[in-house]
Amino acid sequence: MADRAWQIGQLVRTLGSQLKDTFYGALGLAAHDLPPVKSHRAMIVEKVSRNAVAELVNQARNHPQKGDLASANPAYVALAELAQNYAMRGLALGLRNETGEISFLDLDLDQNLARQTGGAFLDRATNKLLWRQLKKLSTLKIDRNMLGPRKPIISPDQLPDEPFDDDLRTTP
């Protein structure tokens, strides 16, 4: 039975797929109406990105956070790139005390202009745009830096005693 375990798994997947197709057919839904299935890598990248942005937000509750290109956190790197892309050297993420929301602000904004506009915080439309860009850049940074599958590392204890076929040593 142990040598047929893969057959049982394949049978379960096939039956599950047929059951799902029948169920959606009974509801009148087509296969193209189903939400796309994400790969495991995409789900992991999104999870790590959400955690990185959440860490940035938690720090921004205490005091405004600026981006850092040398940071290990990809959200800080993304924030630094946003500042470069939008030519706002003082772009930071901070807590808006009046409303209690985390928002982007420009720390290099002229004081007279800040008084006229109601503070250093950016308007709602710009804030939403920058949030989307921050999340997108953070996800891209993680996806680029995340390593793909590698060969497993073998300890010297696990190596066979006899030489490999491609070994140039000769055995007597």
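Below is a summary of the structure that appears in this document. (Residues numbered from 1 in each chain as written. Predicted model: local features only at pLDDT ≥ 70, side-chain atom pairs only at ≥ 80, totals over all residues. Heavy atoms only, no water.)

1. Describing the overall build of the protein chain
Line of reasoning, step 1. Scanning the protein chain from N- to C-terminus turns up five helices and three strands.
Line of reasoning, step 2. Ordered by position in the sequence, the α and β elements of the protein chain form the string α-α-β-α-β-β-α-α.
Line of reasoning, step 3. Taken over 172 residues, the protein chain has a buried fraction of 24%.
Line of reasoning, step 4. Of the contacts formed within the protein chain by residues at least 6 apart in sequence, a portion of 49% connects residues at least 24 apart.
Line of reasoning, step 5. Accessible surface for the protein chain amounts to roughly 13,300 Å². Of this, 55% is attributable to carbon and sulfur atoms. (Helix = DSSP H or I, 4+ residues; strand = E, 2+ residues; numbered from the N terminus. Buried < 20%, exposed > 50% of the residue type's maximum accessible area, 1.4 Å probe, protein only. Contact = heavy atoms within 4.5 Å. Areas by Shrake-Rupley, 256 points an atom, 1.4 Å probe, with all protein chains shown as cover.)

2. Some words on the pairing of strand S2 (residues 91–96)
Line of reasoning, step 1. Within S2, five of the six residues are buried, leaving the element largely enclosed by the surrounding structure.
Line of reasoning, step 2. The pairing of strand S1 (residues 65–66) with S2 spans two bridges and is classified as antiparallel. Within S2, the position partnered with Gln-65 by the bridge is Leu-93.
Line of reasoning, step 3. With six bridges connecting them, S2 and strand S3 (residues 101–106) associate as antiparallel partners. Bridge pairing links Leu-91 to Asp-106 in S3.
Line of reasoning, step 4. Two successive antiparallel strands, S2 and S3, enclose a turn made up of four residues, where Gly-100 displays a positive phi of approximately 80°. (Pairing = 2+ DSSP bridges.)

3. Brief notes about the sheet that holds S3
Line of reasoning, step 1. What the three strands build is an open sheet, ordered S1-S2-S3; its pairing is antiparallel. Each edge of the sheet is formed by a strand with only one pairing partner; in this case those strands are S1 and S3.
Line of reasoning, step 2. Those strands touched by helix H5 (residues 124–145) are S2 and S3, and its axis lies near 100° from that of S3. (Axes fitted to C-alpha atoms, helices over the stretch in contact; angles between N-to-C directions.)

4. As for the packing of aromatic side chains
Line of reasoning, step 1. Inspection of the entire model under this criterion finds one aromatic pair.
Line of reasoning, step 2. The interplanar angle of 65° and the centroid separation of 5.6 Å between the aromatic rings of Phe-104 and Trp-131 together place this pair among those described as edge-to-face. Here Phe-104 is found in strand S3, whereas its partner Trp-131 is found in helix H5, with 27 residues between them in sequence.
Line of reasoning, step 3. Residue classification places Phe-104 among the buried residues on the basis of a relative accessible area of 0%. (Phe/Tyr/Trp six-rings, centres within 6.5 Å; stacked < 30°, edge-to-face > 60°.)

5. Things to note about the pattern of salt bridges
Line of reasoning, step 1. This structure, assessed with the given rule, holds three salt bridges.
Line of reasoning, step 2. Measuring nitrogen to oxygen at the nearest pair gives 3.1 Å for the salt bridge that ties Arg-41 to Asp-143. Taken as a pair, Arg-41 in helix H2 (residues 40–62) and Asp-143 in helix H5 lie far apart in primary sequence, 102 residues in all.
Line of reasoning, step 3. Classification of Asp-143 as partly exposed rests on a relative accessible area of 35%. (Salt bridge = Lys/Arg side-chain N within 4 Å of Asp/Glu carboxyl O.)

6. Some points on H5
Line of reasoning, step 1. The first and last C-alpha atoms of H5 sit 32 Å apart over 22 residues, in line with the 32 Å expected at 1.5 Å per residue.
Line of reasoning, step 2. Among all positions in H5, only Asn-127, Leu-130, Trp-131, Leu-134, Leu-137, Ser-138, Lys-141 and Ile-142 are buried. All buried residues of H5 project into a common sector of 140° when viewed along the axis, lining one side. Facing away from the buried side of H5 by more than 90 degrees, the exposed set consists of Ala-125, Arg-132, Lys-136 and Arg-144. (Expected span 1.5 Å × (residues − 1). Arc of directions from axis to C-beta.)

7. Side note on H2
Line of reasoning, step 1. If you check H2, its first and last C-alpha atoms are 34 Å apart, about what 23 residues at 1.5 Å a residue would give, namely 33 Å.
Line of reasoning, step 2. Among the residues of H2, Val-45, Ser-49, Ala-52, Val-53, Leu-56, Val-57 and Ala-60 are the ones counted as buried.

8. Digging into the side chain of Gln-65
Line of reasoning, step 1. In this structure, Gln-65 sits in strand S1.
Line of reasoning, step 2. Within the structure, the side chain of Gln-65 is placed 3.5 Å from the backbone oxygen of Gln-59, a separation counted as a polar contact.
Line of reasoning, step 3. Not counting the four nearest positions on each side in its chain, Gln-65 is found in contact with Leu-56, Gln-59, Ala-60, Tyr-76, Leu-79, Ala-92 and Leu-93. (Polar contact = N/O pair within 3.5 Å; in protein donor to acceptor, adjacent residues only side chain to side chain.)

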